[in-house]
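# Observations on chain architecture
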Amino acid sequence: MISPRTLRNLRKELRSSALAKIGIVLVLAMILVAAFAPFIALHNPTNQDLDENTLPPMGFSRTTEETTSEMVNGSLQLTNETVYVNATASHPLGTNSLGQDVYSRAVYGARTSMMVGVLGTVLAAILGVSVGLVAGFYRGRIDDALMRFADVSLAFPSLVLAIALIGLWGRAAVDVPDPFVVFGLVDPVRSALGLPTGMPDSFVLPGTVIVVVGLVNWVWFARIARGEALSIREEEYVKAARALGASDARIIGRHVLPNATTPILVLATIQVAAIILLESSLSFLGFSGTTLSWGFDISQGRGYLSTAWWIATIPGIAIVLAVIGVNLVGDWLRDALDPGIEGEGGV
Amino acid sequence: MSDEILKVRDLTTRFFTEEGQVNAVEHVDFDVRDGEVFGIVGESGSGKSVTALSLIDLVETPGRIVEGEVWYRDADLAEEHRDSHPDAVDGDYVDVRQLPEATRRWLRGPAFATIFQDPMSSLNPSITVGEQIAEAVEVQRRARANPRRTRSRTQGYGLGRLLVDSVLPSQGYVSDESQERAVELLERVGIPDPEQRADEYPHEFSGGMLQRAMVAQALAGEPDVLIADEPTTALDVTIQAQILNLLTELQEEEDMSVVLITHNLGVIARMCQRVGVMYAGEVVERGSLEDVFENPVHPYTEGLLGSIPDVEDPAPRLSPIEGNVPSLLDAEMGDECYFADRCPKAMESCLTDIEEHEAPAATDDTDHLVRCILADREYDESEALGSAAKQEVISDD
Amino acid sequence: MSYGRFLLKRGLQGIVVVWGVVTIVFMLRFITPGNAVDAVAPLDASPELRERIAEELGLDQPLYVQYLDYLWELLNGDMGYSYISGIEASSMVFSKLPATVELAVASSIIAIGLSIPLGVISATRRHEPADYAATTFSLVGISTPNFWLGIMLILLLSVQFGIFPTSGRAFGFVQAFRITANQGLGAGADAFYQWLRFITLPAVTLGTYFTALITRLTRSGMLEELGQSYVRATRAKGLPESLVRYKHALRNTLIPVITVLGLQLGTLIGGAVITESVFSWPGLGTTLINAINARDWPILQATLVVIGTGFVIVNLVVDAIYAYLDPQVVAE
């Protein structure tokens, strides 16, 4: 568990490392944005406004060829004219081809990334840690079988397996009510701030994606937990506890698990980063249950690279910042706690 | 011609850490004579190992040799640098510290060879023992074949050559000749089946055998000075004796000088002709073994030796001195004698200024030097401070 | 244990893993909701037609018979025929394999070629500008989704400056080689130029994450090795710094780096799938996505089996290199 010494190390490392501070700021910012999305977004991210489609971000303008027809001396004259489309203050980061606000979609995208990243990691950790602890603690056949199974699952890249499973199982999603909207907290605040009201009252949680990213990433946790269990079961105090008649469950719960907390925590942080990347890849490829996702927006922007670079660029910057933040926090934890784990587990 | 191979003057090495400046080695002076074993003894943390690393210029960051001279006797080298580095040459001696870095590096091997405390961690685990010894032979062979290139930055072995060697292992750095010499060296240090052992990896060796291999590696450069930093500390008692015998034997046969660094008084008594006692980064007493062991002047030396100043007794008891080695953090070091708060003979003047206190001991031998107020006067019990008084004065600083 | 026996043992373990891979691929169909016949049969198929389809696919047999049939056919190199195009699955997958392998190899070469020098420079010039540049690059590199990086490269280098084509693949390396042999050096040089133009952006896209990852690993590993006492001892015996750093420290740094690379191989293949999708690179990734969207079972199974087996084989090679570099591995 978290001892005073651990806390001291964390503080010391945080003081001396500017990168750790940046990481914490980025992660906190992302959590706040995700949590308070209805207050922070400028528009309903799903509202389409075709009159305001493909608006550039502030400071940029877009040119488009407009053809006007005119009757000149009895014949139809077509003239091509270059028209400048300018940014508007109500869409500071521009709009996409459907006229949806790029900024507001990026804000709501943080929710999807955070939810999938955290819930997927929790699921992977629960699965992996249970399997790993049992395998490491009992060793023998169970261990062999579980570890061979882990080897086999490692042979499938997470992304490949995730695509296959989601493709076959479907893209189920759960509508989670947005508490801020449901309790009527959002509209008054937004009206007071002069922002358009009518934010979405529910939030689409891509259920299959969460289950699948958990299923394809459990192995990393299993390996760590098994290693810890293997070493801790040989400790004298564990042998003593066993000699005193403590049950296996009690030994695992009281001795093995607490000792494995640090490496699991560090791994979990790294995994959140990996799963955010994995989720964005899945939604980019269209294997997701929601359209409010950074990866999905990037795939939408792909077709407009020559005319509207911002549609694909801005959500990508959001992903990079989020993942850098989580990775920096992971580095901070690893440097401060030094659990000696390798293997970062990417997409 | 003088008979000192090495004259160390005013050597000062400090570490500049986040916690502050650490004065690991402070104004250390000593000489090493031809064919002798010079011992450096002290508790751990007294700066003996840093002294060894300073001699061979291998202090790593955040440490730095701040000042000092290391005069090494080499007539050829002196001649060579007389015009280019006049300050670095004095008669037959060169001040190693003032030579160009490439030359300093080149001196490792033929001038100074080093044996470290833990043989297991001092050898690369993934290269055969034979090859590692052969590397030490090879570097000298190449130096003789092409002295100029050897003193260039890459010592005639740049990245390009290394890449070629990696792709074509048969063209590796080490020549067959050196490989054969490595086997000879292994045999020389008493390793059975040297041919076969040369192809084994460090993890296949026992601790004692590994330390023998380290000795073989040190012999590869035919050094003038062998620096042995706690060579037996990591070994079993029976093995320790074997390694010490080996060192004695080799030292006589090869006519080397040895700087032996240890915390073990028994080893010092058995091996050394002269000895320096280190405490808190300073040499507090030095002289011939008889002078220091039979007529110790510094209370620390006396404390170390306990009640048995008998050189003939191979196992003097180490009667522990009360208290701990003082912090070497510059900020926490005052003007007082660093040993004062542990010293049973401390007096008022010990707590004010120690700079003037190094002096020849009041014995017959002028070579017996002591850094203590008692060097030139007799101890008078009435002047001693009680421990309470000591605490008070020190905490007033 | 000798090196040969070590390899043999690892080889046998590899075969067990491949068997596991094959079995999981077989099981996929049974953990998938919906009747397998539905996937093939037309929506308005009569019960008779559905029965015939089931019979033809062997779906009316008991599970173990289906499994054994499947294994037996796999051993004979028969992975069925595409439900959509009727093309033999094995020939389809193997015709797509070279494009993916080419992409993976090209990006690995970029990654290894850049990252190890970067990591070494970073470690040996710690706290200098070069180190800050390398650590910043590697942090951003491991945090950037490669599909977005690919799109940004297209945006900048293809759309804005027109240096590289936006997508596709002119022909394979082997084909370019053949053109050289058949049509002379002039045509060959042009063929290789085209090959290079098309593969550059995908290879850079796929390679960036690995370049960043290996740079990080090399830097931290090298820093650790340079702090070991054997490095000091090696310097003390007078070896030139280039030997100390590269022959001694770097070699030992690469040993754990290689292990992690073996574990990260899946990331490379997963990355290839998405990179192929960004650049319309006609490899296994595109095949896999198309097969899933079309529920083309034989193609899907064949692709997964080839990917899984490929992973196992490359891991064997990695293990062999690892054991060659670190003699202690074989001893244990």
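These numbers were taken from a predicted model, which means no experiment stands behind them. Position numbers for residues start from 1 in each chain and track the written sequence from start to end. Lettering for chains starts from A, numbering for ligands starts from 1, and both go in the order in which the items are written. Side-chain atom pairs in this predicted model are given and counted only at pLDDT of 80 or more, local residue features only at pLDDT of at least 70, and totals for whole chains, interfaces and linings cover all residues. Each side-chain value is worked out from all heavy atoms of the structure, with water and hydrogens disregarded.

## So, the overall build of chain B
- A tally of regular secondary structure across chain B gives 15 helices and 13 strands.
- We call two residues contacting when some pair of their heavy atoms lies within 4.5 Å. In chain B, once contacts between residues fewer than 6 apart in sequence are set aside, the share between residues at least 24 apart is 67%.
- Carbon and sulfur atoms provide 46% of the accessible area of chain B, an area that totals close to 17500 Å². In this description a helix means any DSSP run of H or I spanning at least four residues, a strand means any run of E spanning at least two, and both kinds are numbered starting from the N terminus. With residues, only the protein chains shown are counted as cover, and all accessible areas are computed by Shrake-Rupley using a 1.4 Å probe.

## So, the overall build of chain A
- Scanning chain A from N- to C-terminus turns up 13 helices and four strands.
- For chain A, the C-alpha atoms occupy an extent of roughly 105 × 40 × 40 Å along the three principal directions.
- A total of 347 residues make up chain A; the buried ones form 50% of that total.
- Long-range contacts, defined as pairs at least 24 residues apart, comprise 78% of the intrachain contacts of chain A with a sequence gap of at least 6.
- Summed over its atoms, the accessible surface of chain A is roughly 15300 Å², and 60% of this surface lies on carbon and sulfur atoms. For each residue, the accessible area found with a 1.4 Å probe, counting protein chains only, is set against the maximum for its type, and the residue is called buried under 20%, exposed over 50%, and partly exposed in between.

## Section: the UniProt feature "domain: ABC transmembrane type-1" (unreviewed entry) in chain A
- Under the UniProt annotation, "domain: ABC transmembrane type-1" (unreviewed entry) lies at residues 110-330 of chain A.
- In residues 110-330 of chain A, helix accounts for 76% and strand for 4%; the two terminal C-alpha atoms are 19 Å from one another. UniProt positions are given in the numbering used here, feature names are shortened, and annotations may be inferred rather than shown by experiment.

## Quick look at a negative patch on the surface
Residues and elements named next belong to chain B.
- Together, D176, E180, E187, E195 and D199 give the surface a local cluster of negative charge.
- For the negative patch, the element with the most residues is helix α8 (residues 176-188), which contributes three residues.
- By relative accessible area, which is 60% here, E195 ends up exposed. By definition, no residue in a patch forms a salt bridge, and every one has over 30% relative accessible area; like charges are joined within 9 Å, nonpolar side chains (Val, Leu, Ile, Met, Phe, Trp, Tyr) within 5 Å. Salt bridge, as used here, is a side-chain nitrogen of Lys or Arg placed within 4 Å of a carboxyl oxygen of Asp or Glu. The charge count treats Lys and Arg as positive and Asp and Glu as negative. His and the chain ends do not count. Just so you know, the charge point we use is NZ for Lys, CZ for Arg, CG for Asp and CD for Glu.

## Comments concerning the domain arrangement of chain A
Residues and elements named next belong to chain A.
- For chain A, the assigned domains are domain 1 (4-55 + 93-337) and domain 2 (58-90).
- Listed per partner, the contact involves 10 residues of domain 1 and six residues of domain 2.
- Defined in terms of a 1.4 Å probe, buried area is the accessible area two parts forfeit on being brought together, summed over both. Approximately 610 Å² of surface area, both sides summed, lies buried where domain 1 meets domain 2, with 56% of it carried by carbon and sulfur atoms.
- The interface formed by domain 1 and domain 2 includes zero salt bridges.
- Pairs of N or O atoms are called polar contacts if they sit within 3.5 Å, as long as, within protein, a hydrogen donor faces a hydrogen acceptor (for residues adjacent in sequence, only side-chain-to-side-chain pairs). At the boundary of domain 1 with domain 2, the tally comes to two residue pairs in polar contact (both at pLDDT 80 or more).
- Classification used: nonpolar for Ala, Val, Leu, Ile, Met, Phe, Trp, Tyr, Cys and Pro, charged for Asp, Glu, Lys and Arg, polar for all others including Gly. Here the residues of the side of domain 1 that touches domain 2 are counted per class, giving four nonpolar, four polar and two charged. For the purposes of this description, domain bounds are those given by an automatic or database domain assignment.

## Some thoughts on the interface of chain A and chain C
- Listed by partner, the interface residues are 49 residues for chain A and 50 residues for chain C.
- With both chains or domains summed, chain A and chain C bury close to 4300 Å², and 75% of this area falls on carbon and sulfur atoms.
- If you look at where chain A meets chain C, you find one salt bridge.
- Residue D331 of chain A pairs with R216 of chain C through a salt bridge whose shortest N-O separation is 2.7 Å.
- Where chain A touches chain C, the interface holds eight residue pairs in polar contact (both at pLDDT 80 or more).
- Contributions of two or more residues to the side of chain A that touches chain C are made by α5 (140-154), α6 (158-169), α9 (207-232), α11 (248-284), α12 (294-301) and α13 (310-337) of chain A.
- When residues of the side of chain A that touches chain C are assigned to their parent elements, the largest contribution, 12 residues, is made by α13 of chain A.
- Per-class residue counts for the side of chain A that touches chain C are 29 nonpolar, 11 polar and nine charged.

## Brief notes about the environment of D151 of chain A
- In this structure, D151 of chain A sits in helix α5.
- Distance in space between the C-alpha atoms of D151 of chain A and V219 of chain A is 8.4 Å, their sequence separation being 68 residues.

## Digging into the arrangement of the chains
- Contacts are most numerous, across the two pairs of chains in contact, for chains A and C.
- Without any contact between them, chain A and chain B keep their closest C-alpha atoms 10 Å apart.

## Some points on the packing of helix α2 (residues 18-35) of chain A against helix α4 (residues 102-138) of chain A
Residues and elements named next belong to chain A.
- Interaxial angles span 0 to 180 degrees and are taken between N-to-C directions of axes, which are lines fitted to C-alpha atoms, for helices over the stretch in contact. Following both chains from N to C, one finds α2 and α4 inclined at 105°, their axes separated by 8 Å at the closest point. One finds that α2 runs roughly perpendicular with respect to α4. Together, M30, I31, V33, A34 and A35 of α2 and V107, A110, R111, S113 and M114 of α4 make up the contact between the two elements.
- Residue classes in the contact of α2 with α4 are distributed as eight nonpolar, one polar and one charged. Our angle categories are set so that under 35 degrees counts as roughly parallel, over 145 as roughly antiparallel, 65 to 115 as roughly perpendicular, and the remainder as oblique.

## What about the nonpolar core?
- Residues I163 and L282 of chain A, F293 of chain B together with L304 of chain C are the most contacted members of the largest nonpolar core, which totals 208 residues.
- At 15 residues, helix α10 (residues 241-279) of chain C tops the list of elements feeding residues into this core.
- Residues contacting L282 of chain A, with those up to four places away along its chain left out, are L159, A162, I163, I166, V209, V213, F287 and S288 of chain A.
- We call a set of buried Ala, Val, Leu, Ile, Met, Phe, Trp, Tyr and Cys residues a nonpolar core when their side-chain atoms join them within 4.5 Å. The next biggest cluster of nonpolar side chains, apart from the first, holds 43 residues, and it includes F30, I40, W106 and V283 of chain B.

## What to know about the sheet that holds strand β1 (residues 4-17) of chain B
All names here are of chain B.
- What the five strands build is an open sheet, ordered β2-β1-β4-β6-β5; its pairing is antiparallel. Each of the sheet's edge strands pairs with one partner strand only, and the pair in question is β2 (20-33) and β5 (89-90).
- Across 10 bridges, the pairing between β1 and β2 is antiparallel. Along β2, the bridge assignment pairs T13 with V25.
- The strands that helix α1 (residues 48-55) touches are β1, β2 and β4 (63-73); relative to β1, the one it contacts most, it runs at about 115°. Here, any two strands with at least 2 DSSP bridges between them count as paired.

## Observations regarding the interface of chain B and chain C
- Contacts between the two partners involve 33 residues from chain B and, on the opposite side, 23 residues from chain C.
- Roughly 2500 Å² of surface becomes buried between chain B and chain C when both sides are summed, with 59% attributable to carbon and sulfur atoms.
- Its salt-bridge partner being K237 of chain C, residue E135 of chain B comes within 3.2 Å of it at the nearest N-O pair.
- Counting across the chain B and chain C interface gives 13 residue pairs in polar contact (both at pLDDT 80 or more).
- Counting only elements with at least two residues in the side of chain B that touches chain C, the list comes to β7 (112-115), α4 (119-122), α5 (129-145) and α7 (159-167) of chain B.
- Its residues placed into classes, the side of chain B that touches chain C shows 16 nonpolar, 12 polar and five charged.

## Considering the pattern of salt bridges
- Scanning all chains against the criterion turns up 35 salt bridges over all chains.
- Between E241 of chain C and R245 of chain C there is a salt bridge; the shortest N-O distance is 3.3 Å. Of this pair, E241 of chain C and R245 of chain C both sit in helix α10, separated by four residues, roughly a single helical turn.
- You can call E241 of chain C buried: its relative accessible area is 17%.
- On the accessibility criterion, R245 of chain C (25% relative accessible area) is partly exposed.
- Look at the salt bridges and you will find they share partners, linking R139, R233, E234 and K239 of chain A into a network.

## Examining helix α5 (residues 89-124) of chain C
- Expected helix span is taken as 1.5 Å per residue step, with the number of steps being one fewer than the number of residues. With 36 residues, α5 of chain C should reach 52 Å at 1.5 Å per residue; the first-to-last C-alpha distance of 51 Å fits that figure.
- In this scheme, the bend at a residue equals the angle between the axes fitted to the seven residues that finish there and the seven that begin there. At L97 of chain C, α5 of chain C is bent by approximately 30°, the largest bend along its length, and proline P98 of chain C sits one to four residues beyond.

## Comments concerning the packing of aromatic side chains
- Only centres within 6.5 Å qualify two rings of Phe, Tyr or Trp (six-membered ring in Trp) as a pair; their planes then separate them into stacked at under 30 degrees, edge-to-face at over 60, and tilted for everything else. Tallied over the entire structure, the rule returns 20 aromatic pairs over all chains.
- Taking 6.5 Å as the distance between ring centres and 85° as the angle between the ring planes, the aromatic pair formed by F192 of chain C and W195 of chain C counts as edge-to-face. Note that F192 of chain C and W195 of chain C are positioned in helix α8 (residues 173-226) at a spacing of three residues, about one turn of the helix.
- F192 of chain C sits in the partly exposed class, given a relative accessible area of 24%.
- In this structure W195 of chain C comes out as buried when scored by relative accessible area, which is 13%.
- The aromatic ring of Y93 of chain B is capped on one face by K7 of chain B, whose charged end is 4.1 Å from the ring centroid. Charge over a ring is defined by NZ of Lys or CZ of Arg lying within 6 Å of the ring centre and within 35 degrees of the ring normal.

## Some words on a nonpolar patch on the surface
Residue and element names in this part refer to chain C.
- Residues I313, V314, V317 and I321 make up a contiguous nonpolar surface patch of about 320 Å² in total accessible area.
- With respect to the helices, strands and loops of the structure, I321 is situated in helix α12 (residues 297-325).
- Judged by relative accessible area, I321 falls into the partly exposed class, the value being 40%.

## A look at α5 of chain A
- For α5 of chain A, spanning 15 residues, the distance from its first C-alpha to its last is 21 Å, which sits close to the expected 21 Å at 1.5 Å a residue.
- Of the residues making up α5 of chain A, those classed as buried are D143, M147, A150, V152, S153 and L154 of chain A.
- Elements in contact with the buried residues of α5 of chain A: α4 and α9 of chain A together with α1 (3-28), α10 and α12 of chain C.

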